Amino acid sequence: MLGALCFSLSVLLVQAWFSEKLVEAAESGSRTPIEAFQEKRFGMFIHWGPVSIRGTEIGWSRGREVPNEEYDQLYTQFNPVEFDAEEWVRLAGQAGMKYLVITSRHHDGFSLWDTKFSDYKITRTPFGRDVMRELSDACRKQGIEFSVYYSLCDWYHPDYPLGSPGGKTEKLHSNMPRYYEFVKNQTREILENYGPLGVFWFDGEWEAPWTREYGNELYDFLKGIQPDLVINNRVSKGRQGMAGTTVDADENAGDFDTPEQRIGTFNRERPWETCMTLGKQWAWKPDEKLKSSREALQTLLWVAGGDGNLLLNVGPRPDGRIDAGQADVLREMGTWMSQYGNCIYGTRGG
């Protein structure tokens, strides 16, 4: 009994020491951008777009469950009149989430902001409003860090060499160098018009047209615009599949690893973030079977214990509301986090 008491006391002393050091670092401004990212521990991922009308997976269902021509015209029907950026961000805060990552553009090429580099965008829908503008404003108002997901592959864009389904077809008149300039233009536009961002979260790098040279150059280009920007390892070619760990980190750009749909392995040397769905699908799916709040909290605890972040995904409905079942799980998590969040935020794994 005495040994257990001494051990508990030593844990409390170490925890207090770490907390004191974290406060000192925060007050002195000595935290690096990646350290500030790690301290947040818990974020909201949002996959959304016109595909929610069909209830199929974003990007991947183009040319599979939904013919290309039909998929590409869904935006002409997209009118999410119940969308409320303030409510989305409020829900993230109620869940105890510290940052939010929205799919600015997925593999289907549809842009959720008023980009001047494409007409395939949210402001050309019946809805007509700039979703990213409203979300970024709401995040800053409510103290949630605004971040953006961006796909490096684009099965819709004529200059990108591969097409749907799932990058398995080739386009006849592609132009990858010109497409790369399009990517640079769009990502610069996002930083300049919606930044500063917390994280630029890339995806789609696994396909052959996207090279290490493109990825490393894009990383340097964006850091030149916002030096404190945090960028994931999917910007370059170092990611090892769904495990998300980086190989040859000295040759491949990226600030943190990205295990997907699994809890990353314990690692206090290389920052990492697990991205995971509340259900089975990233985009909204009718009658989706969801994780319980207990399952989601256990995941968060295992992730934080392994020194990682958890980016937990919701898929809003086609009318713009976050599904009530998903919202209930998040609020239940928030009830727990309001009491015990101090064992998550600002901690180190181990």
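Keep in mind it's a predicted model, so treat the numbers as computed, not measured.

A. Broad picture of the layout of surface pockets. Each pocket or cavity is described by its volume, and for the second largest pocket that value is around 330 Å³. Residue lining of the second largest pocket: 19 residues in total, with W60, D203, M242, E260 and W282 positioned closest to the centre. Broken down by class, the residue content of the lining of the second largest pocket amounts to nine nonpolar, four polar and six charged.

B. Local environment of helix α9 (residues 324-340). In this model α9 runs 24 Å from its N-terminal to its C-terminal C-alpha over 17 residues, within 8% of the 24 Å that 1.5 Å per residue would give. Considered for burial, the residues of α9 that qualify are Q326, A327, V329, L330, M333, G334 and M337. For α9, the arc enclosing every buried residue in end-on projection is 155°, short of the 170-degree limit, so these residues lie on one face. Of the exposed residues in α9, the ones pointing more than 90 degrees away from its buried face are A324, T335, S338 and Q339. For α9, the secondary structure elements touched by its buried residues are β1 (42-46), α4 (85-95), α8 (293-305) and β11 (309-314). The opening residue of α9 is D323, an N-cap whose side-chain oxygen sits 3.1 Å from the backbone nitrogen of G325.

C. Local environment of the side chain of D323. Tracing the backbone shows D323 in the loop between β11 and α9. Of note is the side chain of D323, whose polar atom sits 3.2 Å from the side chain of R317. Look past the residues within four positions of D323 in its chain and what remains in contact with it is W284 and R317.

D. View of the packing of aromatic side chains. Per the stated rule, a full pass over the model turns up 25 aromatic pairs. Where F83 meets F127, the ring centres are 6.1 Å apart and the plane angle is 85°; that geometry is what we call edge-to-face. Within this pair, whereas F83 is found in the loop between α3 (68-71) and α4, its partner F127 is found in the loop between β2 (99-105) and α5 (131-142), the two being separated by 44 residues in sequence. In this structure, F83 and F127 share a single accessibility class: buried. Taken together, a centroid distance of 5.9 Å and an interplanar angle of 35° make the contact between Y179 and F182 tilted. Placement of the pair is Y179 and F182 together in helix α6 (residues 176-194), with a separation of three residues, close to one helical turn.

E. Examining the pattern of salt bridges more closely. According to the stated counting rule, one finds 25 salt bridges in the structure shown. Where R129 meets E134, a salt bridge forms, and the shortest distance between an N and an O atom there is 2.9 Å. We classify R129 as partly exposed; its relative accessible area is 33%. Of the charged contacts, one joins R234 and D203 as a salt bridge, the two residues approaching to 3.0 Å between their closest N and O atoms. Within this pair, whereas R234 is found in the loop between β7 (230-231) and β8 (239-240), its partner D203 is found in strand β6 (residues 199-203), the two being separated by 31 residues in sequence. Salt bridges sharing common partners tie together R41, D307 and R348.

F. Broad picture of the environment of K171. With respect to the helices, strands and loops of the structure, K171 is situated in the loop between β5 (169-170) and α6. Between the C-alpha atoms of K171 and Y156, which are 15 residues apart in sequence, the distance is 9.9 Å. In this view, K171 contacts D154, W155, Y156, H157, P158, Y160, P161, L162 and G163; residues no more than four positions away in its chain are not counted. A polar contact is formed between the side chain of K171 and the backbone oxygen of D154, at a distance of 3.2 Å. Polar side-chain contacts of K171 include one of 2.5 Å to the backbone oxygen of H157.

Calculation criteria
- Residues numbered from 1 in each chain as written.
- Predicted model: local features only at pLDDT ≥ 70, side-chain atom pairs only at ≥ 80, totals over all residues.
- Heavy atoms only, no water.
- 1 Å grid on protein atoms, 1.4 Å probe; cavity = no way out; pocket = protein on both sides within 12 Å on 5 of 7 lines; lining within 4 Å.
- Points joined across faces, edges and corners; volume = space filled by probe spheres on them.
- Nonpolar A, V, L, I, M, F, W, Y, C, P; charged D, E, K, R; others polar.
- Helix = DSSP H or I, 4+ residues; strand = E, 2+ residues; numbered from the N terminus.
- Expected span 1.5 Å × (residues − 1).
- Buried < 20%, exposed > 50% of the residue type's maximum accessible area, 1.4 Å probe, protein only.
- Arc of directions from axis to C-beta.
- Contact = heavy atoms within 4.5 Å.
- Polar contact = N/O pair within 3.5 Å; in protein donor to acceptor, adjacent residues only side chain to side chain.
- Phe/Tyr/Trp six-rings, centres within 6.5 Å; stacked < 30°, edge-to-face > 60°.
- Salt bridge = Lys/Arg side-chain N within 4 Å of Asp/Glu carboxyl O.

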